[in-house]
Amino acid sequence: MAEIVIENAVKKFGKFTAIDNVSLTVHEHEFLVLLGPSGCGKTTLLRAIAGLGMLDSGRIIIGGKDVTYLAPRERGISMVFQNYAIFPHMKVFDNIAFGLKMQKAPKAQIQERVENAAKLLHIETMLDRFPSQMSGGQRQRIAVARAIAVESGIVLMDEPLSNLDALLRLEMRAELKTLLKRLGVTTIYVTHDQIEAMSMGDRIAVMRNGKVLQLDQPTKVYDLPVDQFVGGFIGTPPMNFLHGHVHQNGAGYVVRLGDFSLTPPQDVHPALAQQRDKPVIIGIRAECMEPMKTASPDAVPVTIDVVEPLGAQNLLTARIGQDTIKVSTHPDFTVSAGETIWLRFPENKVRYMDADTGRALAAETEKALA
Amino acid sequence: MRRAKWTPYLLLVPSLFYLALFFLYPMTQAFGLAFSRETQTLSLRAEPVESAATTGALELQTEVVVLDRQQLDETLPNGGTRPSFWYLIQGTDLAGETVEGWASQRSIFIENRRTSETARVTGGEATREWTFEHVNRMLTDFRFSSAISTTLLLMVLIIPAQFVLAIIMALVLQSQVRGSSMFLYIYAIPLGISDLVAGILWFAIFTQRGFLNSLMVSAGLIDLPFIFIRAENISWMISIIVLAEIWRATSIVMIIVVSGLQAIPKDYLEAGEVFGASMWQRLRHIILPLLKPSLQVALILRTILAFQVFAVVIAITGGDILTVLSNETFRWYDPARFNNPSVAAVYAGFIMIVSLAISLFYMRAVRSQDEATKSAT
Amino acid sequence: MSAETFSNAPVSVAQAQAWDAQRRRARIQLRLRRAGVYVVAVALAVWILLPIWLIANMAFSTPQDVRAFPKSFFPNPISLESISFFLNAQGIIPSTGNSIFVAIVTVVLSTILAVPAGYAIARYVFRGRDAIRLVMLSVRAFPIVVLAVPLAVIFLQLGIFDQPFTLALMHTALTLPTTILVISSVFASVPFEFEEAAQVFGCTPLQAFFQVVLPLALPGIAASAILTFVLSWNEVFAAILLTLSNRTLPAHILYNLDKSSDPFKFASAFVMLVPSLIFIFFIRRYLFNMWGQINK
Ligand SMILES: Nc1ncnc2c1ncn2[C@@H]1O[C@H](COP(=O)(O)OP(=O)(O)OP(=O)(O)O)[C@@H](O)[C@H]1O
Ligand SMILES: [Mg+2]
């Protein structure tokens, strides 16, 4: 069993709270990504799991065992460090074998496991070298090999790819994911790169100011962000936020965007009832709108400011009342600045959010957080 | 982890304890040495018993008249007894007054216990009294002022030259000339050379039959060797010491300056270059201001060390014609010469106070200058 | 950049020549400046090396040549007579032995004390850390003179005066602050991540220190030990105060300087200089580590 449970974790540095009552469960064989802006406490949380810094309160349970007060070596974990922490005075072989040697594993087993790990990472020909003779990418591979060689079942990674160049990062991203999936290890992976998070994670925990805001599958986090921050943080371009107003319309509610009215789905109506005659934020992703060149009663007219042809798509920046909106269109949709186009908002792609708190007004919000 | 809170202190305790033992304790002892004098006096008793009230005190070696004596029997551990005498003696105490009282035979020297009429005080209790005697002794010593002025003169001559030379060395190294790592080693060599060796090296050059005279005579510049080192030639002797000290102790300044330079981001200098600053302007407006903290550290260090200049002076001048503070300390301490640790301790304290004061002065000066520039902008 | 910039726009011959001349001048100027810097570098090197050369020259000349006037700038013939004369002089071998003993005891003591202290300063954040660093920085330049006199008196009272071992205790006190600072900067240069990695992969903190940190810090610690050795080997003031019949080499030489002949003096200077030369060579990479970090 390699399940990790964190219960009400709190970590303070002096008066500053770096981890603010975080609870989460990482299932066995799961690849969980901790995502968030710089300084949100990802590293702190990961180190707490590793035992490199005690929690002030809360519990950490790994594989059913309460490890809150145990030393790192007693937790049955392994780790890939951001700067790799490859020991420069040891050959690659000894680096990979380090964990096994510490466990006093038999020589033959060490040999076998190190070779296996090295093969998996394609560094089996370099075992005799010193780390100083290796490139950044190769060192990264040593770090991963060292982490999987101990076969602890749990690997913690703190931005392991952040020191690599863009191309290598792309390559390693895919390789790491398949490798870790194949080995079936439980992985917690820290990154502030949302694309990395989206592409690698089984689930993503989005953090901010020491709290986990949303813990969900990548598509859920992308499509149904729990609040304005998550929507804005994930995706390029970020989610659009428009200022609307709630109006009662017979038994139901509509959200007015200037002269235009949006009809929210039924399940949001109870939440909207509380917001009657109040402002509300409308969130919509750039690629979720249908742009049209002709007027239509169910579409809003917008004026185009900028057109950025990006190859695979055209990114339009348009004005809608006070707000700016980014729209991504098919490259064949040729328009130029100054023109007016009409946008249709598919009902199920629109998120409504409280204008004060930024929290989504939806039933599944509660679900996502639970 | 609770334990982690104590770990650093635990690790530091041995060193801190050691330093306290070897810095603080000697300092208090030095204070005692410098400002007190130990005298042994014999307290006279009203009755011939130790516990009786005192009637006066006599200094060691005072001659006394024996007025009366009394024989007691002292009990020995084995149960037997032996005679023990107490004497009523009279003598003149430190204040010049005649005092009398009882003293045991153990505290006085008396020729014949039963018949002698006179005796001498040979025992008593040590008492410590505060005195400025040693300080006065230092202040009135005719070599004191010359030691100060020579030390200060050397400091004033040596330190600026060292800084200029060190900055030149650092800039040369920084400019990445070919073989700069070799040059760094060469410039750093004197770091490992003692002031005694440096003194002998420069003595070899300037002594009457030394290399400089050899060169000048062989080149036909002079006929007879010039005697640089002699009592009438104080300024030459000073110059040689200055040269030796510049030669020896510039390295440390150089190392501090180089590491200060390395800490200056290359961007600043490149920006200066892009905006058209000449080498000199860059030095004046970018490098030196950014180097100020390093220079300040080096300055304080060099100043404190300048007060400890010792073996160079002795190696070059013999230490008699020309003297410095540390040399005086040694002379007063030296059992073969003045054998007076107290005055030596006063000297030591003096050196410490002056070097501390100058360091503080530097720090103040640099800080107020900083504030001046800050308020100006 | 558009292609036009590089097209062969017609340039007049006169203009081309002017540009050429300008480029040549600039190149010459650059070369001159380099040569200038080089000349300064070499001049400074000569300034440092010349006195050392001269004393080596004296040490390897016969005593007759040392006394000769005018002196030769090269040993001719090369002779070990002066050095052997010096080494065979009374008291030299024992005082050299004392010097080595004192230096080694100082190195061992101060390293043993400084390694934990330096590690604590480098690795832990704790109350009073800055104060301790400041104390180390300031007592590092503490006048030897100030301590030597009272310590001599204390040692006399304790009956441990005139023993090389007590001199080593004193030297340890003098070098300890520097050693602690140097060793702490050595430890600080070993990334903490290494230690954490070691712990994650199964080390106790103590194992992590010995398996990972110490091997990486060892060269730096050795350099610091060498520096300590040189400091102790060179120290003369405390040595001359704290010893009487068991003098160290510099103390012995200094005390008898006025009675010494030139061959003796020069050979002694050379013998005292050689270890320093070698040691500084070995620790040259660490010099900045040792003195540079005091800026911080
Ligand atoms: N040892 C420490 N002492 C004091 N504050 C700390 C310490 N370590 C981290 N912090 C603070 O805790 C907060 C969270 O830090 P953490 O390193 O976990 O951020 P992060 O999410 O990993 O950021 P990044 O993406 O930049 O690595 C930050 O605001 C940081 O300043
Ligand atoms: Mg981080």
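All figures in this text were calculated on a predicted structure; none of them were measured in a lab.

The rules behind each value
- Residues numbered from 1 in each chain as written.
- Chains lettered and ligands numbered in written order.
- Predicted model: local features only at pLDDT ≥ 70, side-chain atom pairs only at ≥ 80, totals over all residues.
- Heavy atoms only, no water.
- Helix = DSSP H or I, 4+ residues; strand = E, 2+ residues; numbered from the N terminus.
- Buried < 20%, exposed > 50% of the residue type's maximum accessible area, 1.4 Å probe, protein only.
- Contact = heavy atoms within 4.5 Å.
- Areas by Shrake-Rupley, 256 points an atom, 1.4 Å probe, with all protein chains shown as cover.
- Lys, Arg positive; Asp, Glu negative; His and termini not counted.
- Charge placed at Lys NZ, Arg CZ, Asp CG, Glu CD.
- Core = buried A, V, L, I, M, F, W, Y, C linked by side-chain atoms within 4.5 Å.
- Buried area = accessible area lost by both parts, 1.4 Å probe.
- Salt bridge = Lys/Arg side-chain N within 4 Å of Asp/Glu carboxyl O.
- Polar contact = N/O pair within 3.5 Å; in protein donor to acceptor, adjacent residues only side chain to side chain.
- Nonpolar A, V, L, I, M, F, W, Y, C, P; charged D, E, K, R; others polar.
- Domains from an automatic or database assignment.
- Phe/Tyr/Trp six-rings, centres within 6.5 Å; stacked < 30°, edge-to-face > 60°.
- Lys NZ or Arg CZ within 6 Å of the ring centre and 35° of its normal.
- Expected span 1.5 Å × (residues − 1).
- Near = heavy atom within 4 Å.
- Axes fitted to C-alpha atoms, helices over the stretch in contact; angles between N-to-C directions.
- Parallel < 35°, antiparallel > 145°, perpendicular 65-115°, else oblique.
- Left-handed = near helix turned anticlockwise from the far one by under 90°.
- Arc of directions from axis to C-beta.

## Description of the overall build of chain A
Moving on, step 1. When helices and strands are tallied, chain A shows ten helices and 20 strands.
Moving on, step 2. When its C-alpha atoms are laid out on the principal axes, chain A stretches across 75 × 45 × 35 Å.
Moving on, step 3. Across the 370 residues in chain A, those meeting the buried criterion constitute 53%.
Moving on, step 4. The long-range fraction of contacts in chain A, counting pairs at least 24 apart against all pairs at least 6 apart in sequence, stands at 65%.
Moving on, step 5. Just so you have it, chain A exposes about 16,400 Å², and 51% of that area is on carbon and sulfur atoms.
Moving on, step 6. Here chain A contributes 40 positive and 41 negative side-chain charges, whose respective centroids are spaced 7 Å apart.

## Section: the nonpolar core
Moving on, step 1. Ranked by size, the top nonpolar core spans 286 residues in total, and within it Ile96 of chain A, Tyr187 and Met254 of chain B together with Phe187 of chain C carry the most contacts.
Moving on, step 2. A total of 16 residues in this core trace back to one element, the largest contributor, which is helix H7 (residues 234-263) of chain B.
Moving on, step 3. Apart from residues lying up to four places away in sequence, Tyr187 of chain B is in contact with Met169, Val172, Leu173, Ser251 and Met254 of chain B together with Val40, Ala41, Leu44, Ala45 and Ile48 of chain C.

## Considerations on the interface of chain B and chain C
How big an interface is tends to be reported as the loss of accessible area on association of its parts.
Moving on, step 1. The interface is formed by 90 residues belonging to chain B together with 91 residues belonging to chain C.
Moving on, step 2. When chain B packs against chain C, the two sides together hide about 7,800 Å² of surface, and 82% of this comes from carbon and sulfur.
Moving on, step 3. Looking at the side of chain B facing chain C, the largest losses of area belong to Phe23, Phe211 and Tyr333 of chain B, adding up to 9% of the total buried there.
Moving on, step 4. The interface formed by chain B and chain C includes zero salt bridges.
Moving on, step 5. Where chain B packs against chain C, one counts 15 residue pairs in polar contact (both at pLDDT 80 or more).
Moving on, step 6. If you tally residues by element for the side of chain B that touches chain C, the top one is helix H1 (residues 2-35) of chain B, at 19 residues.
Moving on, step 7. Among the residues making up the side of chain B that touches chain C, the classes are represented as 67 nonpolar, 19 polar and four charged.

## Describing the pattern of salt bridges
Residues and elements named next belong to chain B.
Moving on, step 1. Inspection of every chain in the model, using the stated rule, returns 26 salt bridges over all chains.
Moving on, step 2. Measuring nitrogen to oxygen at the nearest pair gives 3.7 Å for the salt bridge that ties Glu232 to Arg230.
Moving on, step 3. Each member of the salt-bridge network shares a partner with another, and the members are Arg143, Asp320, Glu328 and Arg331.

## Section: the domain arrangement of chain A
Residues and elements named next belong to chain A.
Moving on, step 1. According to the domain assignment, chain A consists of domain 1 (4-232) and domain 2 (234-369).
Moving on, step 2. Between the C-alpha centres of domain 1 and domain 2 there is a distance of 37 Å.
Moving on, step 3. Listed per partner, the contact involves 19 residues of domain 1 and 18 residues of domain 2.
Moving on, step 4. Roughly 1,600 Å² is buried in total at the junction of domain 1 and domain 2, and carbon and sulfur atoms are behind 55% of that figure.
Moving on, step 5. Of all residues in domain 1, Tyr222, Val226 and Gln228 give up the largest surface area on contact with domain 2, accounting jointly for 37% of the area buried on that side.
Moving on, step 6. Taken together, domain 1 and domain 2 are joined by zero salt bridges.
Moving on, step 7. Our count for the domain 1 to domain 2 interface comes out at nine residue pairs in polar contact (both at pLDDT 80 or more).

## Things to note about the packing of aromatic side chains
Moving on, step 1. Under the criterion given, the structure shown has 40 aromatic pairs over all chains.
Moving on, step 2. Their ring planes at 75° and their centres at 4.6 Å tell us that Phe228 of chain B and Trp236 of chain B sit as a pair that is edge-to-face.
Moving on, step 3. When its relative accessible area of 2% is taken as the criterion, Phe228 of chain B is described as buried.
Moving on, step 4. For Trp236 of chain B, a relative accessible area of 34% gives the class partly exposed.
Moving on, step 5. Pairing Phe330 of chain B with Tyr255 of chain C gives two aromatic rings, centres 6.3 Å apart and planes at 80°, and the pair type is edge-to-face. Of the two residues, Phe330 of chain B sits in helix H11 (residues 325-333) while Tyr255 of chain C sits in helix H11 (residues 249-255), which places them in two different chains.
Moving on, step 6. We classify Phe330 of chain B as buried; its relative accessible area is 3%.
Moving on, step 7. An aromatic cluster is built from Trp202, Phe206, Phe226, Phe228, Trp236 and Trp247 of chain B together with Trp47 of chain C, whose rings are joined through pairwise contacts.
Moving on, step 8. Of note, Arg285 of chain A hangs over the ring of Tyr222 of chain A, and the distance from its end group to the ring centre comes to 3.8 Å.

## Re helix H5 (residues 195-206) of chain B
Moving on, step 1. Along its twelve residues, H5 of chain B runs 16 Å from first to last C-alpha, staying within 8% of the 16 Å computed at 1.5 Å per residue.
Moving on, step 2. Most of H5 of chain B is tucked away: twelve of the twelve residues are buried.
Moving on, step 3. Within H5 of chain B, burial applies to Asp195, Leu196, Val197, Ala198, Gly199, Ile200, Leu201, Trp202, Phe203, Ala204, Ile205 and Phe206 of chain B.
Moving on, step 4. Against the buried residues of H5 of chain B lie helix H6 (211-218), H7 and helix H10 (311-317) of chain B together with helix H1 (13-59), H11 and helix H12 (262-282) of chain C.

## Observations concerning the site of ligand 1
Residues and elements named next belong to chain A.
Moving on, step 1. Neighbouring residues of ligand 1: Phe13, Phe16, Ala18, Ser38, Gly39, Cys40, Gly41, Lys42, Thr43, Thr44, Glu159 and His192.
Moving on, step 2. Here Gly41 contributes a backbone N or O atom positioned 3.0 Å from an oxygen atom of ligand 1.
Moving on, step 3. The separation between an oxygen atom of ligand 1 and a polar side-chain atom of Thr43 is 2.4 Å.
Moving on, step 4. Burial of ligand 1 by the protein amounts to 60% of the accessible area it has alone, namely 630 Å².
Moving on, step 5. If you list the elements that add at least two residues to the shell around ligand 1, you get strand E2 (16-26) and helix H1 (42-50).
Moving on, step 6. Considering each element in turn, the shell around ligand 1 owes the most residues, three residues, to H1.
Moving on, step 7. Of the residues contributing to the shell around ligand 1, the split by class is four nonpolar, six polar and two charged.

## Points about the domain arrangement of chain C
Moving on, step 1. Domain assignment breaks chain C into domain 1 (3-67) and domain 2 (90-259).
Moving on, step 2. Taking the mean C-alpha position of each, domain 1 of chain C and domain 2 of chain C sit 43 Å from one another.

## Concerning the packing of helix H9 (residues 205-234) of chain C against H12 of chain C
Residues and elements named next belong to chain C.
Moving on, step 1. As a packed pair, H9 and H12 sit with axes 10 Å apart at the nearest point and diverge in direction by 160°. Viewed along their axes, H9 and H12 adopt a mutual orientation that is roughly antiparallel. Once H9 is placed against H12, the crossing between them reads as left-handed. Contacts between H9 and H12 involve Ile226, Phe229, Val230, Trp233 and Asn234 from the former and Val271, Met272, Pro275, Ser276, Phe279 and Phe282 from the latter.

## Regarding the interface of chain C and chain A
Moving on, step 1. Contacts between the two partners involve 15 residues from chain C, matched on the other side by 24 residues from chain A.
Moving on, step 2. With its nearest N and O atoms 2.6 Å apart, the salt bridge here joins Glu196 of chain C to Arg47 of chain A.
Moving on, step 3. At the junction of chain C with chain A, the criterion picks out six residue pairs in polar contact (both at pLDDT 80 or more).
Moving on, step 4. Counting residues per element, the ones that place at least two in the side of chain C that touches chain A are helix H8 (192-200) and H9 of chain C.

## Let's talk about helix H5 (residues 129-139) of chain C
Residues and elements named next belong to chain C.
Moving on, step 1. Within H5, burial applies to Ile132, Arg133, Met136 and Val139. Along H5, the residues classed as buried sweep out an arc of 145° about the axis, all on the same side. For H5, exposure combined with an orientation more than 90 degrees from the buried face picks out Asp130 and Leu134.

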